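Below, each chain spelled out in residue letters.
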Amino acid sequence: MTNRLRELRAEHGWSQAYLAEQLEVSRQSVNAIETGRYDPSLPLAFRLARLFGMAIEEIFDETA
Amino acid sequence: MFCKGSSVAYKRYQRDVLWFMSAYVVVLVCASWFVRHDGAEHFYLYFWSVLPAIPILAVILRMARYLREEKDEYQRLVTMRSILVGTAALLAALVVNDFLRAFAGAHALPAFSTFFVFCAGMGVAQFVQWLRNRGSDDEPAA
C-alpha cells in the first residue's frame, strides 16, 4: 500500500516530529508509514485523515 | 530499545526492568552464597535455587504489561517482533542442543544461559530495527 503522507506533510510544512505529536505516536512510526514499511491500523488511518481533512482513500492507495 | 522518541509506557517499562535486573543480581549473589554455605538442608536448597528465577519471571510479565500499555502501535509491533526473534533464538539453541546431547553426547547449555540467549536475540532484532530506522531517518518536509 502506498500513501501521500510525505507529500501532504510537505504541503502543510510539518515536520515528522510535529505530525507524530499530533497523532500521539513516535516519529519513527510516522517515518515507517511514510516509507511504506508499516501500514497503520484503521483507527490511526482515521486520525491521519481527520488531521489532513481528507478521506482515508485520498491518502492511502491499496492498488499500488 | 534503540528508540529516540520513547513513549511514557516504554520509559516506565525500562525503569521497572532496571529494578528487576538489579534485584536479580542481588538475589543471585545471595543465593550463590547461601547455597555454598547453607545448602545442606533440602528445603533451603530448593528455596535459594528457585528465588533468582522470580525477578526474571517478573521481567517477562512486565514485558507483557508493556505490550498492553504501549499506545504507539508501530513501537508495539517492533517490540513484538523482537520478542519473537528472541524466542526463536532460544528455541533454536535448545533444539540444536537437544540433538547434540542425544546423538553426539554433547553437554547441556550452561546454567543461566536461556534468558541470556532470549535477550541476545531481542537485542539483535532491536539493533537491526534501529539501523533500519536510522537509514530512513530523513526529516525534510518541504
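Above this text you will find the structure in question.
Cut-offs applied
- Residues numbered from 1 in each chain as written.
- Chains lettered and ligands numbered in written order.
- Predicted model: local features only at pLDDT ≥ 70, side-chain atom pairs only at ≥ 80, totals over all residues.
- Helix = DSSP H or I, 4+ residues; strand = E, 2+ residues; numbered from the N terminus.
- Rg over C-alpha atoms; globule rule 2.2 N^0.38 Å.
- Buried ≥ 20, exposed ≤ 12 C-beta atoms within 10 Å, placed from the backbone.
- Contact = placed C-beta atoms within 7 Å.
- Arc of directions from axis to C-beta.

S.K.: Now, about the overall build of chain A: what can you tell me, with residues and values included?
M.R.: Tallying secondary structure elements over chain A gives 5 helices and 2 strands in all. In chain A, the succession of α and β elements from N to C terminus is β-α-α-α-α-α-β. Whereas a compact globule of 64 residues would reach a radius of gyration of roughly 11 Å, chain A reaches 10 Å, a difference of no more than 12%. Principal-axis analysis of the C-alpha atoms gives chain A an extent of 30 × 25 × 20 Å. Expressed as a percentage of the 64 residues in chain A, the buried residues total 30%. The contacts in chain A between residues at least 6 apart in sequence include a share of 50% that link residues at least 24 apart.

S.K.: Pulling in residues and values, what's your account of the overall build of chain B?
M.R.: Scanning chain B for helices and strands turns up 5 helices and 0 strands. Reading the helices (α) and strands (β) of chain B from amino to carboxyl end gives α-α-α-α-α. Taken across its 142 residues, chain B has 15% of its residues classed as buried. Residue pairs in contact within chain B that sit at least 24 positions apart in sequence constitute 75% of those at least 6 positions apart.

S.K.: Can you break down helix H2 (residues 16-23) of chain A residue by residue, with the values?
M.R.: All names here are of chain A. Taken residue by residue, H2 has Gln16, Leu19 and Ala20 as its buried positions. Buried residues of H2, viewed axially, fall in a sector of 100°; they line one side. Taken together, the buried residues of H2 touch helix H1 (5-12) and helix H3 (27-34). Positive backbone phi, approximately 60°, marks Glu24, located one or two places after H2.

S.K.: Tell me what's going on with unusual backbone geometry, and back it up with residues and numbers.
M.R.: Positioned with a positive phi, Glu24 of chain A is a non-glycine residue whose angle comes to about 60°. Along the chain, Glu24 of chain A falls in the loop between H2 and H3. In this structure, Phe112 of chain B takes a positive phi of about 70° despite not being glycine. Mapped onto the elements of the fold, Phe112 of chain B is located in the loop between helix H4 (73-104) and helix H5 (113-135).

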